[in-house]
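Spelled out from the first residue to the last, the chains are:
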Amino acid sequence: MSRRVFVLGGFNTPFIGKKHPDFIWKGHPDFGKRENPTLEETITAAVRGALEATGVEAAAVEKAWIGNFVGELFNNQGHLGAALVGAHPDLLFKPVMRVEGACASGGLAFASAVESIRAGTDVALVAGAEVQTTASARQGGDYLARAAHYARQRGIDDFTFPALFAWRTKHYREKFGVSEEDIGHVAVKAYANANKNPLAHMKAVRMDIETAGSINPKNPAFLSNEDLNPFMKMSDCSQVSDGGSAILVVSEAGLKALGRSPSDAIELVGISHVTGNLYEDGDPTKMEATMVAAERVYADAGIKPSDVQVAEVHDCFTITELLMYEALGFADAGRGAELVKEGRTAIGGDIPVNTGGGLVGFGHPVGATGVKQILEIHRQMKGQCGDYQVPGTPGVGLTVNMGGNDKTVVASVFRNA
Ligand code: CAA
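Our subject in this report is the structure included herewith.

Conventions and cut-offs
- Residues numbered from 1 in each chain as written.
- Predicted model: local features only at pLDDT ≥ 70, side-chain atom pairs only at ≥ 80, totals over all residues.
- Heavy atoms only, no water.
- Salt bridge = Lys/Arg side-chain N within 4 Å of Asp/Glu carboxyl O.
- Helix = DSSP H or I, 4+ residues; strand = E, 2+ residues; numbered from the N terminus.
- Buried < 20%, exposed > 50% of the residue type's maximum accessible area, 1.4 Å probe, protein only.
- Near = heavy atom within 4 Å.
- Polar contact = N/O pair within 3.5 Å; in protein donor to acceptor, adjacent residues only side chain to side chain.
- Areas by Shrake-Rupley, 256 points an atom, 1.4 Å probe, with all protein chains shown as cover.
- Phe/Tyr/Trp six-rings, centres within 6.5 Å; stacked < 30°, edge-to-face > 60°.
- Axes fitted to C-alpha atoms, helices over the stretch in contact; angles between N-to-C directions.
- Parallel < 35°, antiparallel > 145°, perpendicular 65-115°, else oblique.
- Contact = heavy atoms within 4.5 Å.
- Nonpolar A, V, L, I, M, F, W, Y, C, P; charged D, E, K, R; others polar.

A complete count under the given rule lists 22 salt bridges for this structure. Of the charged contacts in the structure, one is a salt bridge between Lys 170 and Glu 174, with a shortest N-O distance of 3.4 Å. Taken together, the residues Lys 170 and Glu 174, both in helix α7 (residues 160-176) and four residues apart, mark about one turn of the helix. A relative accessible area of 51% places Glu 174 in the exposed class. Across the pair Arg 335 and Glu 338 runs a salt bridge whose closest N-O atoms are separated by 2.7 Å. Taking the relative accessible area as the measure of exposure, Glu 338 reaches 33% and is therefore partly exposed. Salt bridges sharing common partners tie together Arg 4, Glu 252 and Glu 267.

In the neighbourhood of the ligand, 23 residues make up the surrounding shell, with Lys 18, Cys 103, Arg 138, His 364 and Gly 404 lying closest. Ser 238 is positioned with one of its backbone polar atoms (N or O) 3.1 Å from a nitrogen atom of the ligand. Here His 314 contributes a side-chain N or O atom positioned 2.9 Å from an oxygen atom of the ligand. Considered on its own, the ligand offers 1,100 Å² of accessible surface; in the complex 71% of this is hidden by protein. When contributions to the shell around the ligand are tallied by element, the ones reaching two or more residues are α5 (137-144) and α7. It is α5 that contributes the most residues to the shell around the ligand, three residues altogether.

The next thing to look at is the packing of aromatic side chains. Across all of its chains, the model carries eight aromatic pairs by this definition. Taken together, a centroid distance of 4.9 Å and an interplanar angle of 45° make the contact between Phe 15 and Phe 362 tilted. In this pair, Phe 15 is assigned in the loop between β1 (5-12) and α1 (39-54) and Phe 362 in the loop between α14 (358-361) and α15 (366-381), connecting sequence segments 347 residues apart. According to the relative accessible area criterion, Phe 362 is buried, its value standing at 1%. Look at Phe 161 and Phe 165: their rings are 6.4 Å apart centre to centre, the planes differ by 25°, and that puts the pair in the stacked class. One end of the pair, Phe 161, and the other, Phe 165, are both in helix α7, four residues apart, so they sit about a helical turn from each other. Each member of the pair Phe 161 and Phe 165 is classed as buried. One aromatic cluster is present, built from ring pairs that chain together Phe 161, Phe 165 and Phe 317.

The next point concerns unusual backbone geometry. If you check the backbone angles, Asn 76 has positive phi at about 55° while not being a glycine. For Asn 76, the position within the fold is in the loop between α2 (71-74) and α3 (80-85). Using a relative accessible area of 70% as the deciding quantity, one classes Asn 76 as exposed.

Moving on, we get to the packing of helix α8 (residues 180-194) against helix α12 (residues 318-327). Packing of α8 against α12 leaves a shortest axis separation of 9 Å and a crossing angle of 100°. Relative to α12, the element α8 is oriented roughly perpendicular. Contact residues: Ile 183, Val 186, Ala 187 and Lys 189 in α8; Thr 318, Ile 319, Glu 321, Leu 322 and Tyr 325 in α12. Residues belonging to the contact of α8 with α12 are distributed by class as follows: six nonpolar, one polar and two charged.

The structure is reproduced here in structure tokens:
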């Protein structure tokens, strides 16, 4: 019989970048006087914060994983297992590994810890971090393009990923007759939720449907690729954010040894990890790997889509959130936008999605995102989300972390223990 796996909680640094009030940038009163946190400082803050928030001693951690995509490019720093050890003296000589799977690096770090718990580990630490503001958005577009098939896809646009998802938007809109305004509601929800979340990158930026629903001076289309340009605006994009997240993942014996009860934790009841082919892209109007991940995680957890009470899904672009709804069985093909327009995925809706703002509003420090999603579900289930708490405490939560153009997917289902 498989050993039970619990998430005890953790810590999130604020996610910051351009337009965040604390981000040091031209015009900020502290510009030239102080710097934004480095990757190393971000990892340390996340790890120490998670240990403190859960009351777990560093010495009690048996193994750790860290998700990060391209520290080598943004920060000239790889070998982040050793950087995690540097976060606390009592982590010295513990087995720690950096895990990479593009934007699903955090989800993969969690999946690795789950396998280890099932194999006998009792207390594991899972962190994720990325610091991306060291480069301009255009330079970062080149670094992030390593998550696509670089040789084949880099030339689509300087902003390779926004262009790949503009390609999906174009086909989706044409096939299903969905308007720009329909999709704009996803951004309005993301920013509205972020405005309630003190840790969100976009906590201070307002978004209305007039701005998000069309290309306009406040919301320009920015791709050079003429065919794709009309299908990607600033408000459709996740943020170039810096941030870190860390969680404690424990067995039943680990919970006991730490003197904690299952009521402090959420239990993992299903997980799937699916990998697509880097060299082929299928139907742009579907997220095929995510569809398989959804089928498998529901089967593993023994639930159906309508059982999910709160979800964190990978909205790297507004279209991605709609394709996620459809892949996850929340909406039929082409009908995802209706869920948002009707408020069903809002904080007070019947299936709240990305309640803290998602990647568009909360931000997307790539390697941290998959870990942050799990922590968000823990916080919602434990009633810790303050102004963006969903009513009641949800009993079943889902996370879906996706890397590349729907190539690496980690989906997890949790029950309130
Ligand atoms: N009119 C026309 N064009 C404009 C403009 C305007 N008013 N304002 C800006 N632009 C253009 C400019 O060409 C500008 O580039 P240059 O200054 O280099 O010429 C470009 O838009 C970007 O402008 P900024 O650098 O001022 O904008 P920004 O720093 O606020 O960035 C963004 C905005 C480009 C949307 C940026 O947030 C972004 O790139 N977001 C997406 C990040 C991303 O792709 N993450 C990965 C997601 S994919 C995933 O999750 C899977 C995976 O595995 C990777």
